[in-house]
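This is what each chain is made of:
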Amino acid sequence: MYFDSFAEFLLMGQHGFYVWTAYGTTAAVLLGSWLSARQAFVNARQQIARQIELADRSASSMNRDREGFNESET
Amino acid sequence: MLGASLKRLWHKLGSPRWFFSLTTPWVTFFGWSAAALLLWGTIWGLAYAPADYQQGNSFRIMYVHVPAAMLAQSLYIGMGVAGFIGLVWRMKLTDVAISACLPLGMVITALALFSGSVWGRPTWGSWWEWDGRTVSTLVLFFLFVGIYALREAIAEAELRARASALIAMVGTVNIPIIKYSVEWWNTLHQPASFGLTQKPAMPSEMWLPLLVMVLGFYCFAGMIVLLRMRSEILQREMSARWVSDWISGRESS
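It should be emphasised that the depicted structure is a prediction, and the values quoted were computed from it without experimental measurement.

**Student:** In this structure, what is going on with the overall build of chain B? I would like to understand it.
**Tutor:** Across its full length, chain B carries nine helices and zero strands. Ordered by position from N to C terminus, the α and β elements of chain B give α-α-α-α-α-α-α-α-α. Oriented by its inertia axes, the alpha-carbon framework of chain B measures out at about 60 × 40 × 40 Å. Here chain B holds 253 residues, and the buried ones make up 39% of them.

Shown next, in the form of structure tokens:
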């Protein structure tokens, strides 16, 4: 450990404000980039899942219609 | 024989489906590597590296500033190469790559400028200097923003892909300007911290944490760019059979 105490570590000599601003911004930028990239992936996945569900529903309702038709025939 | 198999590999590389299944484990790998390296490098750089005899503790900003600036340029070079490949071989995947590099490129370049400014204040005595390095990095930022805005403005996919590929490629002339700016013009900015051919001018307990941080930033970028490319592929191939199979497979498992 370079610093003698935690208080000194926070002060960073005279430069605490600059050092912590730079590191804080970096953390925020990296975290934000990660969250937004992950959200984009989840959104894309959900959008397609919804689309598939809609397609399935319309396909099954078409099948039901066809079954009804068959029943009335027999 | 070799030529034929190389050609096959090249075509495979351009296939979004193949790329998607190949990169599934990579996102996790890069993500955890980035988390571990960044945590390690930050603790090492902030608490254990010795202070600079001239700059004091403000030099610790280097551990976020230098990786951010390196990554910003690398992302741009990546886009330029993707643009070139896309224009010559008409691959779909290169446009996906360009779109995935843009958001990260913008914010990382902004971070490089901002952290440089916060470092400049205690060491140069000013938040901003109109010197070669800062101005050419500002140009890099505007290139990222410009291509992003251009993509938002063009609705036609083919035109959007070709226009952004062309600008990405042409804009790479700015990269050597950034690199040599500290040698060409009189500047306050210090020369490169790392070189491939020379030993760093710093002692190892100062540059080793920097190396860890640089690797961490690159792994982080790997994760983000892959994640964004995968989202973009899903969206573009939405109606393809393999996409619905993949989605249904996920849901049932």
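Now that the structure has been shown, the text picks up again.
**Student:** Sorry if this is basic, but what is going on with unusual backbone geometry here?
**Tutor:** When glycine is set aside, most residues are seen to have a negative phi, and most peptide bonds are trans. One non-glycine residue, Met12(A), adopts positive backbone phi at about 55°. Positionally, Met12(A) belongs in the loop between helix 1 (6–11) and helix 2 (16–73). Take Met12(A): there are 21 C-beta atoms within 10 Å of it, and that puts it in the buried class. Even without being a glycine, Arg90(B) presents a positive backbone phi close to 55°. Its location among the elements puts Arg90(B) in the loop between helix 3 (62–89) and helix 4 (92–124). On the basis of neighbour count, Arg90(B) is assigned to the partly exposed category, with 13 C-beta atoms found within 10 Å.

**Student:** Which parts of the structure should I look at to understand the confidence of the model for chain B?
**Tutor:** Caution applies to low-pLDDT regions: their predicted coordinates should not be interpreted in detail. All names here are of chain B. The predicted model of chain B averages 90 in pLDDT, with 96% of residues at 70 or higher. Helix 1 (residues 2–13) is the least confidently modelled element of chain B, averaging 76 in pLDDT, while helix 3 averages 96, the highest of any element. Scored by ipTM, the complex comes to 0.89, with pTM at 0.90.

The rules behind each value
- Residues numbered from 1 in each chain as written.
- Chains lettered and ligands numbered in written order.
- Predicted model: local features only at pLDDT ≥ 70, side-chain atom pairs only at ≥ 80, totals over all residues.
- Helix = DSSP H or I, 4+ residues; strand = E, 2+ residues; numbered from the N terminus.
- Buried ≥ 20, exposed ≤ 12 C-beta atoms within 10 Å, placed from the backbone.
- pLDDT = per-residue confidence, 0-100.

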